[in-house]
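# Structural description and commentary
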Amino acid sequence: MANNGFTTTIVHSDRRASVEHGAIHKPMHPSSEYAFADSRELAAVFQGKAGFTYARQGTPTTAALEDKITVMEGGTGTVSFATGMAALAATFLTLLKAGDHLISSQHIFGNTNSLLGTLSDLGVQVTLVDATDARNVEAAVRPETKMVFTETLANPGTQVADLEAIGRCCASRKLVYVVDNTLTSPLLCQGVKVGASLVVNSLSKHIGGHGNALGGAVTNTGLYDWSGYANIAEPYRKGNPVSWGLTQIKKKGLRDMGGTLSAEAAHRLAVGAETLALRMDKICSNALALAQALSRHPKVAKVHYPGLPTHAQHERAAALFGKRYGGLMGIELVPEIDVFDFLNRLKVLALATHLGDNRTLVLPMAHTIYYEMGPERRAQMGISDNFLRVSIGIEDIEDLIGDFEQALA
Ligand SMILES: *Cc1c(COP(=O)(O)O)cnc(C)c1O
């Protein structure tokens with residue numbers, strides 16, 4: 001399978017291991033507990049041998065999904081979670097301690113921004129930097145710095161972080177480099193290629209695609225040597241040091257914190273994942289056509305989309321993401337337009353939060369996800385009151401352009 005293409009590999013991934021009865025999908029295993037015929041085997045699995053004990057720590061269904069994500073990311077292992085936020089929270093909370101320093105991109109998802117506030121409350125020092133230039137990351141490094149975090153392509157501003165140069169900076173200083181790959185998905189960007197240590201994906205978005213299951217995942221790229229990382233607890237300092245970090249995330253994040261993905265949701269996400277490349281290609285071509293059309297429209301003040309040559313990181317996005325620019329765009333309407341009236345005139349687009357869905361979704365950011373953070377931080381992030389986040393779906397492009405035109409008329 002190793003030389004097959006992305007979709008071939010994904011649709012046949014369950015069959016890399018033997019599947020019960022030759023089923024083509026890994027079956028759903030909703031069982032909470034797993035019984036053993038041999039007590040020594042029971043003890044061995046509790047002590048770290050591969051196997052299943054209690055569903056809070058995973059099931060054969062979540063394990064099959066995790067294998068799929070690992071293959072997509074070209075990683076060495078994956079742990080799944082109930083949501084993308086659970087995956088991020090588990091990563092930060094299990095690898096950082098009070099007194100440690102985290103450098104994060106300032107251009108990040110609103111709820112992640114709020115999570116970083118929780119980390120600060122717990123005594124982790126957090127510095128936000130403009131990660132579109134790796135020199136800002138470099139300049140923020142201190143002796144207590146343990147980790148650097150950035151989104152590959154930022155939600156919602158679409159800034160593209162200086163991913164490769166940050167990777168080099170982290171490698172030379174032995175910092176854990178975590179990237180949130182949600183907006184690009186492993187089809188457009190593999191964290192391992194930019195030097196990341198760990199890759200987080202919200203499976204609720206592009207990987208599921210259908211908008212009826214939530215999930216998250218942390219994938220180990222295998223690039224980081226955890227033997228030098230002080231915060232790994234003694235019981236997890238066993239075996240190949242390359243996997244220690246992910247083991248700790250799994251033990252503490254799933255077993256102790258319990259943010260576990262259900263078998264039902266894992267199954268739905270695995271089915272969605274099979275069509276990622278087909279959907280993503282259509283989404284990217286739709287988004288580029290819509291961004292081009294809207295950037296010419298007199299009632300649109302600005303379109304933030306990395307596929308446009310006017311985007312500050314257009315060249316970088318083209319090089320990093322294979323000339324595909326994702327499905328998310330920021331649109332600023334001219335100030336004369338009442339944003340709420342405009343939204344009420346839309347007929348095809350759904351007024352909903354979420355992204356990476358088959359349907360095109362639109363959200364006024366300042367009044368929703370960024371409401372809580374207040375005007376000052378919004379201004380710092382470049383979110384004006386007329387800023388709309390649009391997540392492009394797989395609809396017919398004429399219908400999307402037509403809906404904008406009638407609502408702007
Ligand atoms: C949505 C999103 C998350 C959170 O994922 P959920 O599955 O909704 O918890 C994290 N990061 C980014 C970039 C996102 O867009």
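Please refer to the structure placed before this passage.
Everything in this summary refers to the structure shown in the same document. Being a predicted model, the structure only gives us computed values, none of them experimental. (Residues numbered from 1 in each chain as written. Predicted model: local features only at pLDDT ≥ 70, side-chain atom pairs only at ≥ 80, totals over all residues. Heavy atoms only, no water.)

### Concerning the overall build of the protein
Filter applied, for reference: In DSSP terms, a helix is any run of H or I states spanning at least four residues, a strand is any run of E spanning at least two, and both are numbered starting from the N terminus. We compute the radius of gyration from the C-alpha atoms alone; for a globule the expected value is 2.2 Å times N to the 0.38, where N is the number of residues. Burial classification: accessible surface area is computed with a 1.4 Å probe over protein chains only, and a residue below 20% of its type maximum counts as buried, one above 50% as exposed, and the rest as partly exposed. Residue contacts are counted whenever heavy atoms from the two residues lie within 4.5 Å of one another.
What the protein contains, in helices and strands, is 16 helices and 12 strands. Compactness check: the protein gives a C-alpha radius of gyration of 21 Å against a globular reference of 22 Å for 409 residues, within 12% of the reference. Along the first, second and third principal axes, the C-alpha set of the protein runs to 70 × 55 × 40 Å. Across the 409 residues that make up the protein, the buried fraction comes to 56%. Within the protein, residue pairs in contact and separated by at least 24 positions form 70% of the contacts whose partners lie at least 6 positions apart.

### A look at helix H15 (residues 374-381)
Formally: Directions from the helix axis toward the C-beta atoms define the arc.
When we look at burial in H15, the residues that qualify are Gly 374, Arg 377, Arg 378 and Met 381. Taken down its axis, H15 places every buried residue within 105° of arc, on the same side. More than 90 degrees from the buried face of H15, the exposed residues found are Pro 375, Glu 376 and Ala 379. Elements in contact with the buried residues of H15: helix H5 (110-121) and strand S3 (125-129). Looking one or two residues past H15, Gly 382 carries a phi angle of roughly 75°, positive in sign.

### Brief notes about the sheet that holds strand S2 (residues 101-105)
Let me state the cut-off plainly: Pairing between strands requires that DSSP locate at least two bridges from one strand to the other. Each axis is a line fitted through C-alpha atoms, taken for helices only over the stretch in contact, and angles between the N-to-C directions span 0 to 180 degrees.
Strands sit in the order S1-S7-S6-S5-S4-S2-S3 across an open sheet of 7 strands; the sheet is mixed. Only two strands of the sheet have a single neighbouring strand rather than two, namely strand S1 (77-81) and S3. The sheet shows a mean angle of 20° between the axes of neighbouring strands, taken without regard to direction. Its contacts with the sheet place helix H10 (residues 244-256) against S1, strand S6 (198-202) and strand S7 (216-220), and it is angled at close to 20° to S1.

### Section: the site of the ligand
Quick reminder of the rule: In these notes, residues near a molecule or strand are those with any non-hydrogen atom within 4 Å of it. Any N or O atom pair separated by 3.5 Å or less is treated as a polar contact, with the protein-specific requirement of one donor-capable and one acceptor-capable atom, and with residues adjacent in sequence counted only for side-chain atom pairs. Here the open area of atoms and residues is found with the Shrake-Rupley method and a 1.4 Å probe, where only the protein chains shown may cover a residue. Polarity classes work like this: nonpolar for Ala, Val, Leu, Ile, Met, Phe, Trp, Tyr, Cys and Pro, charged for Asp, Glu, Lys and Arg, and polar for all others, with Gly in that last group.
The ligand sits among 15 residues. The nearest are Gly 84, Asp 180, Ser 202, Ser 204 and Lys 205. Between the ligand and Asp 180 there is a distance of 2.6 Å, counted from a nitrogen atom to a side-chain nitrogen or oxygen. Bound to the protein, the ligand loses 91% of the 380 Å² it would expose on its own. A total of 3 residues in the shell around the ligand trace back to one element, the largest contributor, which is helix H4 (residues 84-95). Residues belonging to the shell around the ligand are distributed by class as follows: 5 nonpolar, 7 polar and 3 charged.

### A closer look at H5
The criterion, for reference: In this analysis, the expected span of each helix is defined as 1.5 Å times one less than the number of residues it contains.
Between the first and last C-alpha of H5 there are 17 Å, a value that for 12 residues agrees with the 16 Å anticipated at 1.5 Å per step. Along H5, the residues classified as buried are Gly 110, Thr 112, Asn 113, Leu 115, Leu 116 and Leu 119. Residues of H5 that are buried in the fold lie against H4, S2, S3, strand S4 (145-151) and H15. Immediately beyond the C-terminal end of H5, within one or two residues, lies Gly 123, with a positive phi of roughly 100°.

### Comments concerning the packing of H4 against H5
As a reminder of what qualifies: An angle counts as roughly parallel when it lies under 35 degrees, as roughly antiparallel when it exceeds 145, as roughly perpendicular when it falls between 65 and 115, and as oblique in every other case. What makes a crossing left-handed is the near helix being turned counterclockwise from the far one by less than a right angle; a clockwise turn instead makes it right-handed.
Relative orientation of the contacting elements H4 and H5 amounts to 30°, with a least axis distance of 11 Å. Taken as axis vectors, H4 and H5 run roughly parallel relative to one another. For the crossing formed where H4 meets H5, the hand is right-handed. Within the contact between the two elements, H4 uses Met 85, Leu 88, Ala 89, Phe 92 and Leu 93 and H5 uses Asn 111, Thr 112, Leu 115, Leu 116 and Leu 119.

### Focus on the environment of Arg 56
Tracing the sequence through the fold places Arg 56 in the loop between helix H2 (39-46) and helix H3 (60-73). Spatially, the C-alpha atoms of Arg 56 and Leu 261 are 8.3 Å apart, while their sequence positions differ by 205 residues. A polar contact is formed between the side chain of Arg 56 and the backbone oxygen of Arg 255, at a distance of 2.7 Å.

### Remarks on the sheet that holds strand S11 (residues 361-364)
Picture the strands of a sheet paired through backbone hydrogen bonds; they go either parallel or antiparallel. Strand order in the open sheet made by the 5 strands is S8-S9-S12-S11-S10, with mixed pairing throughout. Looking at strand neighbours, the two that pair on one side only are strand S8 (300-304) and strand S10 (350-351), the edges of this open sheet. The sheet contact formed by S10 and S11 spans 2 bridges and is parallel. Following the sheet pairing, Leu 351 is matched in S11 by Val 362.

### Section: the environment of Glu 405
Checked against the element boundaries, Glu 405 lands in helix H16 (residues 397-408). Of the residues examined, Glu 405 reaches a relative accessible area of 45% and is grouped as partly exposed. Taking the C-alpha atoms as reference points, Glu 405 and Leu 223, separated by 182 residues in sequence, lie 48 Å from one another.

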